[in-house]
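Examination of the molecular architecture
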Amino acid sequence: MPPLRFPALVLTPPAQTDNPLSPEQKTFNRLSQQIAKARQQMSDWESAMEATRKRVLKDLLPLRDQHLQLRIQLLVQLDTISLTQKLGKADNETLSQMIARLAENLMTESSDPQLQEIHDRHGGPDAEEQAMFAEMKASMEDFFNLNPEAAGDGKGSSENPKAWMEEETPQTQSQRESQRTRPKTARQKAQEARQAEQAGQIHQSLQGIYRRLVSAVHPDREADPVIRAQKTALMQRINQAYGENDLLQLLALQHELGLMDAQAIHKLGDAHLKKYNQALKEQLATLKRKIQELQQHLSGNVGISPFAMQSPHALARDLQETIQATRQAISGLRQEMKRLSQPAHLKRWIKTARRELAS
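Residues numbered from 1 in each chain as written. Predicted model: local features only at pLDDT ≥ 70, side-chain atom pairs only at ≥ 80, totals over all residues. Heavy atoms only, no water.

In the nomenclature of an unreviewed UniProt entry, the chain is known as J domain-containing protein of Acidithiobacillus sulfurivorans.

Below, the structure written as structure tokens:
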């Protein structure tokens, strides 16, 4: 259900007035306009997300899968070269190190079993060192009884060094309990009290409007089935607005149902408006957080930095650029695989790889 737009005549102060708007009235108008703008941005990002989702599924994901498969093919090609072609010792070591690095990167993206085989084959001294370290670690775990399978029931600190190390003295236990029960400072208590008071005031303000709306609209009191259906739809909008702590929606519904005149909001006292403004601040913060979450979600799916996502309208352009860059990368990989069959190009490739490994 699309959000109800707060009528402009409720936000706009009287055209002719002898009394200027109070700071709270100005704040209410400013926050209302910011929320309206944030809602529009949210709607634009949601539309952009749906369009992007379709384009990603249709165009980008197949291209990324194709690119991944080509990278695996390139790795296999390099592995075959290392096994079939005679190279100098330095070139062979460089090629092997690069193959191991490429395989390691690919294993984070693909579960193809041949990747592990190729990586193990070209792991070289690093793989041997890792295996030796793993063996030493296992021996140490068995010796100190740190391995859960060899630890037994773990009874007795003398039989289980780990339990002994973790065993708390009465003093240590007292210190931990003291930390857990450490009293809060006066400043922390005051801040929590203010936050609780503000939350209570917001809830009371929203609840008061909600009760008035429910009392005026409740469909169970309507005998006419047509009017009951209309009121049921209104109740859904009221419940949605109340559930989302949407003050502006609730006020707009009051105006729509004739429970509040066009300028009533500007006749409220500053004390009442202050509560409303606090609710609007919370609502605006929630909208901004949702917009940020949408941007992050889109960023993860499209591969565009969230800092580069300037607007929903620019997203289609950025996505097209990403698709085009992926196509170019695929074309470049294919050309590279063809050129690697030439000894001169293979020599240059290894030289470039050596510089990359050294950097």
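Next comes the rest of the account.
Quick word on the overall build of the chain
A tally of helices and strands in the chain yields 13 helices and 0 strands. When its helices and strands are written in sequence order, the chain yields α-α-α-α-α-α-α-α-α-α-α-α-α. Classification of the 359 residues of the chain by burial places 31% in the buried group. Taking the contacts inside the chain whose residues are at least 6 apart along the sequence as the reference set, 70% of them involve residues at least 24 apart. Counting every atom, the chain has about 23,300 Å² of accessible surface; 52% of that belongs to carbon and sulfur. (Helix = DSSP H or I, 4+ residues; strand = E, 2+ residues; numbered from the N terminus. Buried < 20%, exposed > 50% of the residue type's maximum accessible area, 1.4 Å probe, protein only. Contact = heavy atoms within 4.5 Å. Areas by Shrake-Rupley, 256 points an atom, 1.4 Å probe, with all protein chains shown as cover.)

A word on unusual backbone geometry
The phi dihedral of N245 is positive, around 55°, even though this residue is not glycine. Within the secondary structure, N245 is located in the loop between α9 (225-243) and α10 (247-256).

Thoughts on the pattern of salt bridges
Two side chains bearing opposite charge may form a pair once their charged atoms approach each other closely. For the structure on display, the rule yields 13 salt bridges. Residue D91 pairs with R354 through a salt bridge whose shortest N-O separation is 2.5 Å. With D91 in helix α3 (residues 89-107) and R354 in helix α13 (residues 343-358), the pair connects residues that are 263 residues apart, well separated along the chain. Owing to a relative accessible area of 32%, R354 belongs among the partly exposed residues under this scheme. Salt-bridge contacts for E336 lead to R339; the nearest nitrogen and oxygen are separated by 2.9 Å. Separated by 3 residues within a single helix, E336 and R339 lie in helix α12 (residues 312-339), roughly one turn from each other. Among the residues examined, R339 registers a relative accessible area of 30% and is labelled partly exposed. Shared partners join several salt bridges into a network, and the residues in it are E50, R53 and K54. (Salt bridge = Lys/Arg side-chain N within 4 Å of Asp/Glu carboxyl O.)

Some remarks on the UniProt feature "coiled-coil region" (unreviewed entry) in the chain
As annotated by UniProt and renumbered to match this structure, "coiled-coil region" (unreviewed entry) occupies residues 28-55 and 273-336. Helix and strand shares over residues 28-55 are 100% and 0% respectively, and the end C-alpha atoms of the span are 40 Å apart. (UniProt positions renumbered as here; feature names shortened; annotations may be inferred.)

Points about the environment of E256
Along the chain, E256 turns up in helix α10. A relative accessible area of 42% means that E256 is categorised as partly exposed.

A look at the packing of α9 against α10
Where α9 meets α10, the closest approach of the two axes is 9 Å, and the angle between their N-to-C directions is 150°. Judged on the interaxial angle alone, α10 and α9 are roughly antiparallel. Here α9 contributes L234, R237, I238, A241 and Y242 to the contact with α10, which in turn contributes Q249, L250, L253 and E256. Each residue belonging to the contact of α9 with α10 can be placed in one class, and the counts come to 6 nonpolar, 1 polar and 2 charged. (Axes fitted to C-alpha atoms, helices over the stretch in contact; angles between N-to-C directions. Parallel < 35°, antiparallel > 145°, perpendicular 65-115°, else oblique. Nonpolar A, V, L, I, M, F, W, Y, C, P; charged D, E, K, R; others polar.)

Considerations on the packing of aromatic side chains
Scanning the entire structure with this criterion turns up 1 aromatic pair. Between Y210 and Y242, the aromatic rings sit 4.1 Å apart at their centres with planes inclined by 15°, giving stacked as the arrangement. Residue Y210 is located in helix α8 (residues 186-217), and its partner Y242 is located in helix α9; the two are separated by 32 residues in the primary sequence. The pair Y210 / Y242 is uniform in exposure class, with both members buried. (Phe/Tyr/Trp six-rings, centres within 6.5 Å; stacked < 30°, edge-to-face > 60°.)

What about the confidence of the model for the chain?
Counting all residues, the mean pLDDT for the chain is 78, and 74% of those residues have values of 70 or more. Taken together, the stretch residues 1-14 has pLDDT below 50 and engages in 37 contacts with residues farther than four places along the chain or on a different chain. (pLDDT = per-residue confidence, 0-100.)

Comments concerning the nonpolar core
Counting residues in hydrophobic clusters, the biggest one holds 37 residues, and the most contacted among them are I238, L247 and L251. Of all the elements in the fold, those that place two or more residues in this core are α2 (23-84), α8, α9, α10 and α11 (270-302). A per-element tally of this core places α11 first, with 9 residues. (Core = buried A, V, L, I, M, F, W, Y, C linked by side-chain atoms within 4.5 Å.)

Observations concerning the side chain of S96
Relative to the helices and strands, S96 is located in helix α3. Exposure remark for S96: the relative accessible area of 18% places this residue in the buried category. One polar contact links S96 to H122, side chain to side chain, over a distance of 2.9 Å. (Polar contact = N/O pair within 3.5 Å; in protein donor to acceptor, adjacent residues only side chain to side chain.)

Some words on α13
Over its 16 residues, α13 extends 23 Å from the first C-alpha to the last, a length consistent with the 22 Å expected when each residue adds 1.5 Å. Buried within α13 we find H345, L346, W349, I350 and A353. Relative to the axis of α13, the buried residues are bounded by an arc of 140° and lie together on one face. Away from the buried face of α13 by more than 90 degrees, exposed residues K347, R348, K351, R355 and A358 are located. Among the structural elements, α2, α3 and α12 are those in contact with the buried residues of α13. (Expected span 1.5 Å × (residues − 1). Arc of directions from axis to C-beta.)

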